[in-house]
Amino acid sequence: MRSRAALDTRMREAWKQPDLKSQCWMVGVGTAAELMLLAPSRWRAEACEHDPDDRAAIARLVTHELVHVYHGQLNPRLENDPDAMEPLGWLVEGLAVHVSGQLDDGHLASAADAIRAGAAPAALAAAWSGKYRYGVSGSLVAFVDRTWGRAVLVALLRAQSSDEVLARLGVREAELLSRWRASVVGP
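Residues numbered from 1 in each chain as written. Predicted model: local features only at pLDDT ≥ 70, side-chain atom pairs only at ≥ 80, totals over all residues. Heavy atoms only, no water.

1. Let's talk about the state of the cysteines
Moving on, step 1. Per the stated rule, a full pass over the model turns up 1 disulfide.
Moving on, step 2. One disulfide in the model links cysteine 24 with cysteine 48; its S-S distance is 1.9 Å. Across the S-S bond of cysteine 24 and cysteine 48 the torsion is about 65°, and the bridge reads as right-handed. A residue pair is termed long-range when its members are at least 10 positions apart, and cysteine 24 in the loop between α1 (4-15) and β1 (28-30) and cysteine 48 in the loop between α2 (43-46) and α3 (55-74) qualify at 24 residues. (Disulfide = S-S within 2.5 Å. Helix = DSSP H or I, 4+ residues; strand = E, 2+ residues; numbered from the N terminus.)

Structure representation (structure tokens):
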């Protein structure tokens, strides 16, 4: 997109939300049908928190958004009901962070920092909130990937709720979060 205004217009059309306006840190969006990206040449003037000269970060960002495209194609509910993403935000965004390599690039507030600060989520619905949301959600998905395996993680892409995710993993929410915390900072 050649401007933030063009990005906002396209997002409004895609999600049928006439009042939608992107935040300055939002430079890319992936839906089942398309990848929208504010041109990196516009980032200095129309974005924050992104370096248009960091080609590796741009590649990770594009990969992140392409994961959303793929996920949206596998799980149409995410596309047809944008509010459905909120309870599953930890999985939707965590998957994109994990797969893109953003979890390991040193730019995100880490899950360990969140735990040390007393800001670790007590519920999955709270994982995708606050300044630690990307690191927490990405590390949760990475934990699921390491613990249950890639095939299980791929199967979870069709999940409609965190309860469905937990049922497929055969674990309760408190146990998943406790095991995740221990995997991040130790017992």
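2. Quick look at the packing of aromatic side chains
Moving on, step 1. If you walk through the whole model with that rule in mind, you get 3 aromatic pairs.
Moving on, step 2. Note on tryptophan 128 and tyrosine 134: the rings are 4.7 Å apart at their centroids and 90° apart in plane angle, and the pair reads as edge-to-face. For the pair shown, tryptophan 128 and tyrosine 134 are each scored as buried.
Moving on, step 3. Through a chain of ring-to-ring contacts, the aromatic side chains of Trp25, Trp128 and Tyr134 assemble into a single cluster.
Moving on, step 4. A cation over a ring is seen here: arginine 133 above tryptophan 25, with NZ or CZ 5.3 Å from the ring centre.
Moving on, step 5. A cation over a ring is seen here: arginine 133 above tryptophan 128, with NZ or CZ 5.4 Å from the ring centre. (Phe/Tyr/Trp six-rings, centres within 6.5 Å; stacked < 30°, edge-to-face > 60°. Buried < 20%, exposed > 50% of the residue type's maximum accessible area, 1.4 Å probe, protein only. Lys NZ or Arg CZ within 6 Å of the ring centre and 35° of its normal.)

3. Digging into the nonpolar core
Moving on, step 1. Core analysis: the largest hydrophobic core is formed by 31 residues, its most contacted members being Trp90, Val136, Leu140, Val165, Leu176 and Trp180.
Moving on, step 2. Elements supplying a minimum of two residues to this core: α3, α5 (89-100), α6 (111-116), α7 (133-148), α8 (150-156), α9 (162-169) and α10 (173-185).
Moving on, step 3. Residues in contact with leucine 140, not counting those within four places in the same chain, are Trp90, Leu124, Ala127, Leu177 and Trp180.
Moving on, step 4. If you look at the next biggest cluster of nonpolar residues, it comprises 11 residues, including Leu7, Val27, Leu38 and Trp43. (Core = buried A, V, L, I, M, F, W, Y, C linked by side-chain atoms within 4.5 Å. Contact = heavy atoms within 4.5 Å.)

4. Looking at the side chain of histidine 68
Moving on, step 1. Among the structural elements, histidine 68 can be located in helix α3.
Moving on, step 2. Note on histidine 68: relative accessible area 9%, which makes it buried.
Moving on, step 3. When near neighbours in sequence (up to four residues on either side) are disregarded, histidine 68 contacts Gly30, Val92, Glu93 and Ala96.

5. Quick word on the packing of α7 against α10
Moving on, step 1. Between α7 and α10, the least distance of the axes is 10 Å, while the angle of their chain directions is 95°. Taken together, α7 and α10 sit at an angle that is classed as roughly perpendicular. Contact residues: Val136, Ser139, Leu140, Phe143, Val144, Arg146, Thr147 and Trp148 in α7; Leu176, Leu177, Arg179, Trp180, Ser183 and Val184 in α10.
Moving on, step 2. Looking at side-chain class alone, the contact of α7 with α10 contains 9 nonpolar, 3 polar and 2 charged residues. (Axes fitted to C-alpha atoms, helices over the stretch in contact; angles between N-to-C directions. Parallel < 35°, antiparallel > 145°, perpendicular 65-115°, else oblique. Nonpolar A, V, L, I, M, F, W, Y, C, P; charged D, E, K, R; others polar.)

6. Topic: α5
Moving on, step 1. With 12 residues, α5 should cover 16 Å at 1.5 Å per step; its first-to-last C-alpha distance of 16 Å lies within 8% of that length.
Moving on, step 2. Burial analysis of α5 places 10 of its 12 residues in the buried class, which makes it a mostly covered element.
Moving on, step 3. Along α5, the residues classified as buried are Gly89, Trp90, Leu91, Val92, Glu93, Gly94, Leu95, Ala96, Val97 and Ser100.
Moving on, step 4. In the segment just after α5, glycine 101 is the residue with positive phi, at about 85°. (Expected span 1.5 Å × (residues − 1).)

7. Side note on the environment of aspartate 163
Moving on, step 1. As for its placement among the helices and strands, aspartate 163 is situated in helix α9.
Moving on, step 2. Placed 39 residues apart in sequence, aspartate 163 and leucine 124 show a C-alpha to C-alpha distance of 9.7 Å.

8. Overview of the environment of valine 144
Moving on, step 1. Following the sequence through the fold, valine 144 ends up in helix α7.
Moving on, step 2. Judged by its relative accessible area of 2%, valine 144 falls in the buried class.
Moving on, step 3. Between the C-alpha atom of valine 144 and that of valine 27, which follows or precedes it by 117 residues, the distance is 28 Å.
Moving on, step 4. Sequence-distant contacts of valine 144, defined by excluding residues within four places in its chain, comprise Gly149, Leu153, Leu156, Leu169 and Leu176.

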